[in-house]
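A closer look at the structure
Spelled out from the first residue to the last, the chains are:
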Amino acid sequence: GTTRLWQYHLHYFSYLDRLSVRQALSLLLDWVDLNPPGMAPGWEPYPISLRLRAWIEWLAVHYTDIEPQIRARLLHSIAQQAEWLAQIPELHLQGNHLLENAISLTWVGLRVRGPHADRWFQLGWQLLVNEVASQILRDGMHEERSPAYHATITHALMRLANLARVVGGERGGA
C-alpha cells in the first residue's frame, strides 16, 4: 500500500549506518531472501545503483564483524546485483538515473574483486565519461538545473573520486 517512491527509498538502504550491526545484517539477509533476482522494485536499475554503494560502504566498515559465510552470501548478492545492473542500465531514461547507474558500476568495479569486476568497471567508466560530458554543463551544474540533482550527483562523484584515489592503486592505477 505504499507509493513506488517510498518502496524505492526502502530498497536504497541509505539508512544502514544508523543501525547496529545485528539490525543491519538482519535487514540485509532478509532482503536477499525476500527479493530474488528480477523482483521489482528492488531489482530495478536505480535502486540497485544506490543499494550497491550503500552495501559496499557498510561492508567495508563492518567486514571483520561479520561471519565469513554471511559475508560470502552478501558479496554474492552484490555480484548478482552488479551483473544485473550491467545488463540493464537505464539507457532509455538517461538523465540522472543513467548517471547513477554509471557511478555504481564504476564503484563496484573498483571495490569488488572477481571475474566480472573489470567488466563492470569498464562499462561504468565508459557510461560515466559519456554522461558527465552530456549532463554536466560548462558551469558545472547538472543539465536539469535542479539544486537537488546537482547536490546528489556532485556528492556521488566526489565519493567515487575518493574511492578511486584510495583503491585505484590497489587495482593497478584504475
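Residues numbered from 1 in each chain as written. Predicted model: local features only at pLDDT ≥ 70, side-chain atom pairs only at ≥ 80, totals over all residues. Heavy atoms only, no water.

This paragraph deals with the pattern of salt bridges. For the coordinates displayed, the defined rule picks out 6 salt bridges. Note that D33 is salt-bridged to R73, the shortest N-O span being 2.1 Å. Of this pair, D33 sits in helix 2 (residues 21-34) while R73 sits in helix 4 (residues 68-87); the two residues are 40 residues apart in sequence, bridging distant segments of the chain. A salt bridge links D139 to R145, with the shortest nitrogen-to-oxygen separation between them at 2.6 Å. (Salt bridge = Lys/Arg side-chain N within 4 Å of Asp/Glu carboxyl O. Helix = DSSP H or I, 4+ residues; strand = E, 2+ residues; numbered from the N terminus.)

Right, let's get into the packing of helix 3 (residues 45-62) against helix 4. Remark: helix 3 packs on helix 4, axes separated minimally by 10 Å, with the N-to-C direction vectors making an angle of 150°. The angle between helix 3 and helix 4 places the two elements in the roughly antiparallel class. Pair helix 3 / helix 4 crosses with left-handed handedness. Listed contacts from helix 4 to P45, I48, S49, R51, L52, W55, I56 and L59 of helix 3 are L74, L75, S77, I78, Q81, A82, W84 and L85. Across the contact of helix 3 with helix 4, the residue classes tally to 12 nonpolar, 3 polar and 1 charged. (Axes fitted to C-alpha atoms, helices over the stretch in contact; angles between N-to-C directions. Parallel < 35°, antiparallel > 145°, perpendicular 65-115°, else oblique. Left-handed = near helix turned anticlockwise from the far one by under 90°. Contact = heavy atoms within 4.5 Å. Nonpolar A, V, L, I, M, F, W, Y, C, P; charged D, E, K, R; others polar.)

Time to look at the nonpolar core. The biggest cluster of nonpolar side chains holds 41 residues, and the ones touching the most others in it are L28, W55, W58, L74, I78 and W120. Those elements that place two or more of their residues in this core are helix 2, helix 3, helix 4, helix 5 (95-111), helix 6 (117-135) and helix 7 (147-167). At 8 residues, helix 5 tops the list of elements feeding residues into this core. Residues within four places of W55 in sequence aside, it is in contact with F13, L16, L28, W31, V32, L74, S77, I78 and Q81. (Core = buried A, V, L, I, M, F, W, Y, C linked by side-chain atoms within 4.5 Å. Buried < 20%, exposed > 50% of the residue type's maximum accessible area, 1.4 Å probe, protein only.)

Turning next to the confidence of the model for the protein. Overall, the predicted model of the protein reaches an average pLDDT of 92, with 97% of residues at or above 70. Taken element by element, the predicted model of the protein shows its lowest mean pLDDT in helix 7 (91) and its highest in helix 2 (98). (pLDDT = per-residue confidence, 0-100.)

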